[in-house]
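# Summary of the model geometry
One letter stands for each residue in the lines below.
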Amino acid sequence: MATNSVVVTIEKPNNLSFPEVNGSDSLLLPDKQKAASPKQFTWVLLLKAHRVLTSLSWVAMTFKSMFLSIKKRIALSDVSEEEPKSRGRLYRFIKVFLVISILALVLEVIAHFKKWNLQMLHPWEVQGLVQWSYMAWLSFRVDYIAPFVIFLSKSCTVLFLIQSLDRLVLCIGCFWIKYKKLKPTIEGEAYDIEDCSSFPMVLVQIPMCNEREVFAQSIAAACQLDWPRERVLIQVLDDSDDGNLQLLIKDEVSSWREKGVNIVYRHRLIRTGYKAGNLKSAMGCDYVKDYEFVAILDADFQPNPDFLKLTVPHFKGNPELGLVQARWSFVNKDENLLTRLQNINLCFHFEVEQQVNGVFLNFFGFNGTAGVWRIKALEDSGGWLERTTVEDMDIAVRAHLNGWKFIFLNDVKVLCELPESYETYKKQQHRWHSGPMQLFRLCLPAIITSKITIWKKANLILLFFLLRKLILPFYSFTLFCIILPLTMFIPEAELPLWVICYVPIFMSFLNILPSPKQFPFLVPYLLFENTMSVTKFNAMVSGLFQLGSAYEWVVTKKTGRSSESDLLAFAERESKSLSEEKISRRHSESGLELLSKLTAEDVPSVKKKNKLYRKELALALLLLTASARSLLSAHGVHFYFLLFQGLSFLVVGLDLIGEQMG
């Protein structure tokens, strides 16, 4: 029987597929597939929804708390308390600019939603008054406004780049000093500790005016200076107009005189010339001719006991040296956001500006305190003059023109305070930025006709005065507060991203390098500096054109803060030098308990309020209006910059940045 054979032919199919194992979606893994059940998927959706709702509720609560804070601040503040200068020309200009911007925004919003393309229309095809107004605005903008704004923006951009280059060069100089470890050295031999006559005669001056909170600690710090007592005299120069406070200061001086300190109290009957007049009067005393150096310490400054031993020896063997300036350090730098931002600015000023100019030029602006002058340098330069509100810069410029050299000691620090309220800080900055322009007008002829080299003249005129005192506040305010919002309505003059973002962030990064712990505040610092430009610009203009506010002098308010380590160190020194009876009688630093009692009795408690600042609020509305216009044009970086800068102006205008007084 024949066998049946079966032939099986296997052909290679073209569409042969194999099962793939792909995570939880694989059909071969039923357990994994079971994990993605509808129930668990629902839970995942609920979890995501919960996170979204939590974020939305947090944002809503943030805006609610901000709204309530703004409402409370407006209800409790008195706009009329703000200084009269805010109602001047600059404020009126900002208001007019704001009104025009709002009207332009309304037209732009209508044109955006109606999708007008007026470039494709002929004039006779325009329908309606609004459309005609928008077309007229576009034509007027292109023909008349845009060319001027483009020219102004390019000019300010050039100034911005020049100033940025100057700051970059200063930073490079600071890096070079660090790399080469350059620092002033003491020439000659040190003073003989056993022979007190080898120490030069030093006069210590403490000018003050109504410094109730800090006079005791400043007098105590000066009396603790490590210098032979017969070779130093402390002058307490009190310009206070409060009779009770005068008695307190006299009592403080008397108590230290009883301890053997060579200290005198002076009070002027005719108090003219502010601080310059006070110092000038003190230098007119007959006994001043017996002294070779004078150390100046403002009422809130507390030098370490070795301050004179670290500064005065630099004069030995250096007859051309006229000034030794120490650095400031701040006891309240972490008190609030305002003090943190001030600390960034001043750390850069001392670490970079003062140190670089001191090392390479032997010239910088005297900081008004924490410095030691050669009395002969003061006399050769004409002494203290009352012609400006920056007497410290005035005497420094005149001494430089007479050939005297300066030294800055970055490693010698003197403790002091920063203004904690925006009102105090704003008044201080107004004085610091109006005075240099006054001085520039007065000193320009003397600089031109002086015998110093052409390079030093150019440095004084172009860099020291024009670039750093005039151009800096001018372009900061004009470029970022006027031109930038204006370009949102004039796209022909739009600023590039590197002008409003990249270069400012890089320069802020350089500014914050001397205080690296403040890096988290880089963006707030950038926004706050632009916000302060309105105050600095206003002060610069008032000083340049001799307006009334340029001559205002307001003593910076102090709180009398002392660091805990200073108080402990003082307690140790006091316990060693005083007997038990005196310690029980004067238990705190130089009678601070007595001071607090008299203060509570003599000074009525006045409830202070935070203020509203109208220029800042008007600029906040202007920048927020411009940000709304940039949103229509889908400007990413421009929108965010204008939005956050507007909010920064709003926070400052409502006085929410510094000390809150309720």
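None of the values given here were measured: they were computed from a predicted structure.

Thresholds, definitions, all that
Residues numbered from 1 in each chain as written. Predicted model: local features only at pLDDT ≥ 70, side-chain atom pairs only at ≥ 80, totals over all residues. Heavy atoms only, no water. Helix = DSSP H or I, 4+ residues; strand = E, 2+ residues; numbered from the N terminus. Buried < 20%, exposed > 50% of the residue type's maximum accessible area, 1.4 Å probe, protein only. Expected span 1.5 Å × (residues − 1). Bend = angle between axes of the 7 residues up to and from the residue. Pairing = 2+ DSSP bridges. Axes fitted to C-alpha atoms, helices over the stretch in contact; angles between N-to-C directions. Phe/Tyr/Trp six-rings, centres within 6.5 Å; stacked < 30°, edge-to-face > 60°. Lys NZ or Arg CZ within 6 Å of the ring centre and 35° of its normal. Patch = residues over 30% accessible without salt bridge, like charges linked within 9 Å, V, L, I, M, F, W, Y side chains within 5 Å. Areas by Shrake-Rupley, 256 points an atom, 1.4 Å probe, with all protein chains shown as cover. Salt bridge = Lys/Arg side-chain N within 4 Å of Asp/Glu carboxyl O. Contact = heavy atoms within 4.5 Å. UniProt positions renumbered as here; feature names shortened; annotations may be inferred. Core = buried A, V, L, I, M, F, W, Y, C linked by side-chain atoms within 4.5 Å. Parallel < 35°, antiparallel > 145°, perpendicular 65-115°, else oblique. Left-handed = near helix turned anticlockwise from the far one by under 90°. Nonpolar A, V, L, I, M, F, W, Y, C, P; charged D, E, K, R; others polar.

The backbone of Tyr274 sits at a positive phi, close to 55°, despite the residue not being glycine. With respect to the secondary-structure elements, Tyr274 resides in helix 7 (residues 274-283). Classification of Tyr274 as partly exposed rests on a relative accessible area of 43%. Backbone geometry at Asn362 places phi at a positive 55°, although glycine is not the residue there. Mapping Asn362 onto the fold places it in the loop between helix 9 (337-360) and strand 6 (371-374). For Asn362, a relative accessible area of 27% gives the class partly exposed.

This part takes up helix 13 (residues 454-489). For helix 13, which comprises 36 residues, the first-to-last C-alpha distance of 46 Å sits more than 12% below the rise-based estimate of 52 Å (1.5 Å per residue). At Leu466, helix 13 shows its largest bend, some 50°. Counting buried residues in helix 13 gives 26 out of 36 residues, a clear majority hidden from the surface.

What follows is about the sheet that holds strand 5 (residues 321-330). Within the open sheet, the seven strands sit side by side as 3-2-1-4-6-5-7. Their pairing is mixed. In this open sheet, the two edge strands, each paired with only one partner strand, are strand 3 (263-267) and strand 7 (405-416). Along the sheet, successive strands turn relative to each other by an average axial angle of 20°, direction set aside. Where strand 1 (residues 202-208) and strand 4 (residues 293-296) come together, four bridges link them in parallel fashion. Bridge assignment links Leu203 to a residue of strand 4, and that residue is Val294.

Before going further, it helps to spend a moment on the packing of aromatic side chains. The full count for this structure, using the stated rule, is 27 aromatic pairs. With a centroid separation of 5.1 Å and an interplanar angle of 90°, the aromatic rings of Phe464 and Phe465 are classed as edge-to-face. Feature note: the residues Phe301, Trp328, Phe350, Phe363, Phe364, Phe366, Trp373, Phe406, Phe408, Phe440, Phe464 and Phe465 constitute an aromatic cluster, connected by ring pairs. A cation over a ring is seen here: Lys259 above Trp256, with NZ or CZ 3.7 Å from the ring centre. Across from the ring centre of Phe464, 4.3 Å away, lies the NZ or CZ of Lys469, which sits over that ring.

On to a nonpolar patch on the surface, then. On the surface, a nonpolar cluster with roughly 430 Å² of combined accessible area is contributed by Leu161, Leu497, Trp498, Tyr502 and Val637. Broken down by element, the residue count for the nonpolar patch peaks at three residues, all from helix 14 (residues 497-512).

Here we take up the environment of Arg629. Summarising the element assignment, Arg629 is placed in helix 19 (residues 614-632). The sequence separation of Arg629 and Val106 amounts to 523 residues, and the corresponding C-alpha distance is 9.3 Å. Among residues more than four places away in sequence, those in contact with Arg629 are Leu105, Glu108, Met488 and Phe489.

Mapped onto this numbering, the UniProt entry gives "transmembrane region" (unreviewed entry) at residues 90-113, 144-162, 460-489, 495-513 and 617-632. Annotated as 100% helix and 0% strand, the span residues 460-489 places its first and last C-alpha atoms 40 Å apart. End C-alpha atoms of residues 495-513 are separated by 27 Å, and the span's content is 84% helix alongside 0% strand.

Enumeration according to the criterion identifies 21 salt bridges in this entry. With a closest N to O distance of 3.0 Å, Lys376 and Asp380 form a salt bridge. Of this pair, Lys376 and Asp380 both sit in helix 10 (residues 375-380), four residues apart, which is roughly one turn of that helix. With a relative accessible area of 40%, Asp380 lands in the partly exposed category. When the shortest N-O distance is used, the salt bridge between Glu529 and Lys536 registers 3.5 Å. One exposure class covers both Glu529 and Lys536, and it is buried. Via salt bridges that share partners, Lys178, Arg327 and Glu351 belong to a single interconnected network.

This part takes up the nonpolar core. Val204, Ile219, Phe307, Leu308 and Trp373 are the most contacted members of the largest nonpolar core, which totals 145 residues. Here this core gets 17 residues from one element, more than from any other, and that element is helix 13. When residues no more than four places from it in sequence are discounted, the contact partners of Val204 are Ala222, Leu225, Val232, Leu233, Ile234, Gln235, Ala295, Leu297 and Leu308. If you look at the next biggest cluster of nonpolar residues, it comprises 13 residues, including Tyr422, Leu522, Phe528 and Val652.

Along the polypeptide, Glu292 turns up in the loop between helix 7 and strand 4. Residue class for Glu292 comes out partly exposed when judged on its relative accessible area of 38%. Separated by 84 residues in the primary sequence, Glu292 and Lys376 have C-alpha atoms spaced 7.5 Å apart.

For the rest of this paragraph, the subject is the packing of helix 9 against helix 15 (residues 522-544). Between helix 9 and helix 15, the shortest axis-to-axis distance is 11 Å and the interhelical angle comes to 85°. If you check the angle between helix 9 and helix 15, you find them roughly perpendicular. Judged by residue contacts, Leu338, Leu341, Ile344 and Asn345 of helix 9 engage Pro524, Tyr525, Phe528, Glu529 and Lys536 from helix 15.

Further remarks concern the packing of helix 13 against helix 19. The N-to-C vectors of helix 13 and helix 19 enclose an angle of 40°; their axes lie 8 Å apart at closest approach. Pair helix 13 / helix 19 crosses with left-handed handedness. The segment helix 13 lies against helix 19, with Phe477, Phe480, Cys481, Pro485, Met488 and Phe489 engaging Leu619, Leu622, Leu623, Thr625, Ala626, Arg629 and Ser630. Partitioning the contact of helix 13 with helix 19 into residue classes produces ten nonpolar, two polar and one charged.

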